[in-house]
Amino acid sequence: MPEIERADAPDLLRDKDFRSLWAGQTASQLGEHASLVVLPLIAVLTLHVDAGQLGVLRAVGQAPLLLLSLFIGAWVDRWRARTVMVLADLGRALALAGAAVATLAGGPVLPALLVVAFLVGTLSVFFDVAYQALLVRMLRRDQLLRGNSAIEGTRSAAQIGGPALGGALVSLLSAPVAAVSNALLFAVSFVAIARIGHREPPHADPPGRVWRRIHEGVRFVAGHRTLRAVCLASAAFQCSFAAVMTAYLLFVTRDLHLSGGAAGVALAAAGPGALAGSLLAARLPGRFGYGVVLVCAAAIGDGVLLLVPALHGPPTVTLPLLVAVNVVSGAFGQLVNVTVMAVRQAVTPDRMQGRVSATITFAGMGLTPAGSLLGGLLAGELGPRTAILVAGAGMLLSPVVMLLSPLARLGRQLPAPVPTD
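Basis of the calculations
Residues numbered from 1 in each chain as written. Predicted model: local features only at pLDDT ≥ 70, side-chain atom pairs only at ≥ 80, totals over all residues. Heavy atoms only, no water. Helix = DSSP H or I, 4+ residues; strand = E, 2+ residues; numbered from the N terminus. Rg over C-alpha atoms; globule rule 2.2 N^0.38 Å. Buried < 20%, exposed > 50% of the residue type's maximum accessible area, 1.4 Å probe, protein only. Contact = heavy atoms within 4.5 Å. Areas by Shrake-Rupley, 256 points an atom, 1.4 Å probe, with all protein chains shown as cover. Lys, Arg positive; Asp, Glu negative; His and termini not counted. Charge placed at Lys NZ, Arg CZ, Asp CG, Glu CD. Patch = residues over 30% accessible without salt bridge, like charges linked within 9 Å, V, L, I, M, F, W, Y side chains within 5 Å. Salt bridge = Lys/Arg side-chain N within 4 Å of Asp/Glu carboxyl O. Expected span 1.5 Å × (residues − 1). Arc of directions from axis to C-beta. pLDDT = per-residue confidence, 0-100. Axes fitted to C-alpha atoms, helices over the stretch in contact; angles between N-to-C directions. Parallel < 35°, antiparallel > 145°, perpendicular 65-115°, else oblique. Left-handed = near helix turned anticlockwise from the far one by under 90°. Core = buried A, V, L, I, M, F, W, Y, C linked by side-chain atoms within 4.5 Å. Phe/Tyr/Trp six-rings, centres within 6.5 Å; stacked < 30°, edge-to-face > 60°. Disulfide = S-S within 2.5 Å.

Counting its secondary structure elements, the chain contains 19 helices and zero strands. Its C-alpha radius of gyration of 21 Å places the chain within 12% of the 22 Å reference for a compact globule of 421 residues. By principal-axis analysis of the C-alpha atoms, the chain measures approximately 60 × 55 × 40 Å. Counting the 421 residues in the chain, one finds 51% classified as buried. Residue pairs at least 24 apart in sequence account for 88% of intrachain contacts in the chain once pairs closer than 6 positions are excluded. A total accessible area of about 17900 Å² is found for the chain, and carbon and sulfur atoms account for 70% of it. Side-chain charges of the chain comprise 31 positive and 21 negative groups, with the mean position of each set lying 3 Å from the other.

Here's what the structure looks like:
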């Protein structure tokens, strides 16, 4: 019996396989978020690209999330998650090393960066879907919440520190050395994940065509009341949040007259809040119940943003208040993320973890571009202050969906998975 099956939930850190997964995932997330800054900065500082070219580069790196996530979910369910993760790390390290070589060699560097951005984005989706599946296959059900809390906490830290690290690498080092340094983070993740001793059994379900497997995953989510609620709540939140952020950036700079740096400080405050939310997620659901925590945390985390349009005054007054709002929003938003992920993993059969994760990601993130466009339209027609109120009210659809679904009735124990044919 693997060591992780003998460990109690509070003793996950004593298990070497979980420590390896945690270390590898942390290094991978740092590398992933650093690359979101390293590649664009190389293009700006080395190639002197214009705004349109930079937008294309960023869009190419983000495209796999929408174009390939459903396919990747189907593929991950056919393979061992650990194998997917080490190959994704190796591929990203080689791709960034290729960017360094292309920068040194000169020639058509921008096309090479576009290829690298797409490869890194695609392999990052593979890694992110696979690590969620591996976590379920390694841990007992009563360990899922603590495991997710630990891993999501470091993921939040990487989202804060990764871009800063990427900017520092490009600023302090030459562009090729920055790319290689970024690649080393994926190499560290490769070594850590490769040390995991847990061996997953091969999946018994027949291969089938990829479209059939995607359809099976989408149908399973649509037919499962709890997962359907998660999907709808995620879609409502992501679309409305994208609209809020578009109007928010206009509001804080034009109406509140904050500088770009001050606006960045306000937004960055969500990071420490998210770390606090990860810690809360390890304890609150077991004390108050998963349903109560999900509905209340979503209502508080989403509702607090409705306070933003009420702000008036000089930056010395509004900036601290914006920081406080974003800390609260980040904390309760992360509490929802960790808790709902544990619920999703618990109710999903092992053989469908990848497809369910990818389906919910696709449904949530797929509406983000529409939300951004909606936010810009509302801000143009109604003004940024009113646009934040309208879009923020839309965010409250997420806790309403949870309240009217089986999610609200969850107790202090995670639900059992539903068997599939």
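From this point, things continue past the structure.
Before going further, it helps to examine the environment of Val347. You can see Val347 is positioned in helix H15 (residues 315–347). For the pair Val347 and His257, spaced 90 residues apart in sequence, the C-alpha separation works out to 47 Å.

Turning our eyes to something else, we now look at a nonpolar patch on the surface. Among the surface-exposed residues, Leu87, Leu90, Leu94, Phe190 and Val191 lie close enough to one another that they form a single nonpolar patch of about 450 Å² accessible area. The set of elements that each furnish at least two residues to the nonpolar patch consists of helix H5 (81–105) and helix H8 (175–194). Examining the composition of the nonpolar patch, we find that three residues originate from one element, H5, more than from any other. With respect to the helices and strands, the residue Val191 is situated in helix H8.

Our next topic: helix H12 (residues 270–281). End to end, H12 covers 16 Å across 12 residues, agreeing with the expected 16 Å (1.5 Å per residue, within 8%). Among all positions in H12, only Gly271, Gly273, Ala274, Gly277, Ser278 and Ala281 are buried. Across the axial projection of H12, the buried residues extend over an arc of 155 degrees, all falling on one side.

The subject of this paragraph is the pattern of salt bridges. Applying the stated criterion across every chain, the model contains eight salt bridges. A salt bridge links Lys16 to Asp17; the shortest N-O distance between them is 3.4 Å. Of the residues examined, Lys16 reaches a relative accessible area of 43% and is grouped as partly exposed. Of the charged contacts, one joins Glu216 and Arg351 as a salt bridge, the two residues approaching to 2.8 Å between their closest N and O atoms. In this pair, Glu216 sits in helix H9 (residues 210–223) while Arg351 sits in the loop between H15 and helix H16 (353–366), placing the two residues 135 residues apart along the sequence. The exposure class of Glu216 is buried, given its relative accessible area of 19%.

Predicted coordinates in regions of low pLDDT should not be interpreted in detail. For the chain, mean pLDDT is 85; residues scoring 70 or higher make up 92% of the total. Here residues 1–10 scores under 50 on pLDDT; set against residues more than four positions off or in separate chains, the count is 22 contacts.

Moving on, we come to the side chain of Ser20. Within the fold, Ser20 resides in helix H2 (residues 16–46). Residues contacting Ser20, with those up to four places away along its chain left out, are Ala192, Ile193, Arg195 and Ile196.

Running from N to C, helix H10 (residues 225–255) and H15 cross one another at 160 degrees; their axes reach a closest spacing of 12 Å. Taken together, H10 and H15 sit at an angle that is classed as roughly antiparallel. When you trace H10 past H15, the crossing you get is left-handed. The residues of H15 that touch H10, namely those facing Thr226, Leu227, Val230, Tyr248 and Val252, are Leu322, Asn326, Val340, Val343, Arg344 and Val347.

What follows is about the environment of Pro40. Within the fold, Pro40 resides in helix H2. Exposure remark for Pro40: the relative accessible area of 13% places this residue in the buried category. Separated by 73 residues in sequence, Pro40 and Leu113 place their C-alpha atoms 8.7 Å apart. Once residues within four sequence positions are removed from consideration, Pro40 is found in contact with Ser35, Leu54, Leu57 and Arg58.

In this section: the nonpolar core. Formed by 58 residues in total, the largest nonpolar core has its most connected members in Leu21, Val76, Met85, Met402 and Leu407. Here this core gets 12 residues from one element, more than from any other, and that element is helix H6 (residues 109–138). Beyond its immediate stretch of four places on either side in the chain, Leu21 contacts Met85, Leu134, Leu135, Met138, Ile151, Ile193 and Ile196.

Under the counting rule described, the total for this entry stands at seven aromatic pairs. Ring geometry for Phe127 versus Tyr131: centroids 6.3 Å apart, planes at 45 degrees, classification tilted. Of this pair, Phe127 and Tyr131 both sit in helix H6, four residues apart, roughly one helical turn. According to the relative accessible area criterion, Phe127 is buried, its value standing at 0%. Between Phe237 and Phe241, the aromatic rings sit 5.3 Å apart at their centres with planes inclined by 15 degrees, giving stacked as the arrangement. A residue pair is termed a helical-turn pair when its members lie 3 or 4 positions apart in one helix, as Phe237 and Phe241 do in helix H10 at four residues.

Our next topic: the state of the cysteines. Throughout the structure, instances matching the rule amount to zero disulfides. Considering cysteine sulfurs only, Cys231 is the nearest to Cys239, which forms no disulfide, with 13 Å between them.

What follows is about unusual backbone geometry. In this structure, His257 is a non-glycine residue whose phi angle is positive, near 60 degrees. As for its placement among the helices and strands, His257 is situated in the loop between H10 and helix H11 (260–268).

Under the 1.5 Å per step criterion, the end-to-end length of helix H14 (residues 290–303) is 19 Å for 14 residues, consistent within 8% with the ideal 20 Å. Turning to H14, its buried residues are Tyr290, Gly291, Val293, Leu294, Val295, Ala297, Ala298, Gly301 and Asp302.

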